Amino acid sequence: MVKVERTPTPPPSLAVEKSKANGSYNLPDVVEALKRDFHEKCYLCENNALQAPEVEHLNPHGGDPDRKFDWNNLFLSCSHCNSVKNQAKYHDKILDCCNIDPEAVLNQQIVNNHVSVTPLNSEEKSLMTAELITECFEKRNTGIRTYECQTLMNELNTTMNTLYKTLEQYEKRRLPRYFKALRGMLSRTYKFSGFTRTYIRSHLAEYPYLAEYVEI
Ligand SMILES: [Zn+2]
């Protein structure tokens, strides 16, 4: 999870739909705005090019129109993460990555081939968000969830392996194209950038020239 810069102005359909008895919060203008602001990534797992994107309510609306049509409560997620998040323990307890920089309060790493997200402070939202992101990659409690988690881990590992390989190439031969590729992978717009950026931040002694690209 990384910081997302949300366009301040709500898509126009939200106010119109809010006034209707059975209004919709996911009309094309909302979806397009979310796609753009979230760089086509699920805000929880950070996979991109989503096959099954969903408009997710950060804080469940429970039928309350003030929450249901609140632009600041709408997030782009994949159906897998949305379904993992749908547990009472997470209600109203997940960090708003449009307001807080998640990298300042969460350490997102791969340890022994498993995702390990740990909170950097003791606030409830940091704890619960760390637990949720970990579950998005590791909650293999049904056959389908196991399949989805494996697919997601494969995607994450592919991205991380590309990062490691590009670092190695740049260390051997300081070619501008490798540096450009590294900068791209450390941009918050890149898939799984919470993990790529954390990796570099924890290896700054080896890659000091990348420090400015992973600042929080
Ligand atoms: Zn996801």
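Here the structure is shown first, and the text comes after it.
**Some details on the overall build of the chain**
- The secondary structure content of the chain amounts to nine helices and four strands.
- Here the chain has a C-alpha radius of gyration of 18 Å; the compact-globule value for 216 residues is 17 Å, and the two agree.
- Along the three orthogonal principal directions, the C-alpha set of the chain runs to about 65 × 35 × 35 Å.
- When burial is assessed residue by residue, the chain has 31% of its 216 residues classed as buried.
- Residue pairs in contact within the chain that sit at least 24 positions apart in sequence constitute 60% of those at least 6 positions apart.

**So, helix α2 (residues 28-37)**
- Within the span of α2, buried status applies to V30, A33 and L34. Down the axis of α2, the buried side of the element spans an arc of 100°, and every buried residue falls inside it. Those residues of α2 that are exposed and angled more than 90 degrees off the buried face are P28, E32 and R36.
- Buried residues along α2 sit in contact with α1 (13-18), β1 (53-57) and β2 (74-78).

**Things to note about the environment of H57**
- Inspection of the secondary structure puts H57 in strand β1.
- With near-sequence residues (within four places) excluded, H57 lies in contact with R67, N73 and L74.

**Side note on unusual backbone geometry**
- With phi around 50°, A49 is a residue other than glycine that occupies positive phi space.
- Following the sequence through the fold, A49 ends up in the loop between α2 and β1.
- According to the C-beta neighbour criterion, A49 is exposed, with 9 such atoms within 10 Å.
- Of note, N113 is a non-glycine position whose phi angle comes to about 65°, a positive value.

**A look at the environment of I94**
- Examined against the element boundaries, I94 turns out to sit in the loop between α4 (79-85) and α5 (102-105).
- The buried category is assigned to I94, around which 21 C-beta atoms lie within 10 Å.
- Here the alpha-carbon distance between I94 and K125, two residues 31 residues apart in the chain, equals 5.3 Å.
- In this view, I94 contacts L58, K125, M128, T129 and L132; residues no more than four positions away in its chain are not counted.

Parameters at a glance
- Residues numbered from 1 in each chain as written.
- Predicted model: local features only at pLDDT ≥ 70, side-chain atom pairs only at ≥ 80, totals over all residues.
- Helix = DSSP H or I, 4+ residues; strand = E, 2+ residues; numbered from the N terminus.
- Rg over C-alpha atoms; globule rule 2.2 N^0.38 Å.
- Buried ≥ 20, exposed ≤ 12 C-beta atoms within 10 Å, placed from the backbone.
- Contact = placed C-beta atoms within 7 Å.
- Arc of directions from axis to C-beta.

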